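A structural walkthrough
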Amino acid sequence: MPANLPGHELVTKGLEDLAAGRETAPALVVAMAAPRLRALGFDVPAGPGERSSHRLYELLSEEGPGAHSRYNALVRRIASFARSAEHAPTG
């Protein structure tokens, strides 16, 4: 995992949690971005599929107020990671 990409810690944790079968916010946001991440060459384990976004919001709602803001922040972080990975030099 390239440590110089923004959000790498989120993706690393999400990949670990998906592989272990844990349903966490990082796992769900990585599952949401799985097609894009796989296209970039990341090995993303199977996750909850199309319900990932709904389940992420439910999970964040269970944690308390501000679910909408936290959801949007996680989506921005994973999008930033993917964008950076798409433009990172390969070598």
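What comes next concerns the included structure. All values reported here derive from a predicted model rather than from experimental measurement.

**Some words on the side chain of Thr-24**
With respect to the helices and strands, Thr-24 occurs in the loop between helix H1 (8-20) and helix H2 (25-32). Separated by 3.1 Å, the side chain of Thr-24 and the backbone nitrogen of Ala-27 make a polar contact. In contact with Thr-24, other than residues within four places in its own chain, are Asp-17 and Leu-59.

**Structural notes on the environment of Arg-51**
One can find Arg-51 in the loop between helix H3 (34-39) and helix H4 (52-62). Accessibility expressed as a relative area gives 45% for Arg-51, which makes it partly exposed.

**What to know about the nonpolar core**
The biggest cluster of nonpolar side chains holds 25 residues, and the ones touching the most others in it are Val-30, Leu-37, Val-44 and Leu-56. Going through the elements one at a time, H1, H2, H3, H4 and helix H5 (67-87) are the ones with two or more residues in this core. For Val-30, the residues in contact, after removing those within four places along its chain, are Leu-10, Val-11, Gly-14, Leu-15, Leu-18, Leu-37, Val-44 and Ile-78.

Analysis parameters
Residues numbered from 1 in each chain as written. Predicted model: local features only at pLDDT ≥ 70, side-chain atom pairs only at ≥ 80, totals over all residues. Heavy atoms only, no water. Helix = DSSP H or I, 4+ residues; strand = E, 2+ residues; numbered from the N terminus. Polar contact = N/O pair within 3.5 Å; in protein donor to acceptor, adjacent residues only side chain to side chain. Contact = heavy atoms within 4.5 Å. Buried < 20%, exposed > 50% of the residue type's maximum accessible area, 1.4 Å probe, protein only. Core = buried A, V, L, I, M, F, W, Y, C linked by side-chain atoms within 4.5 Å.

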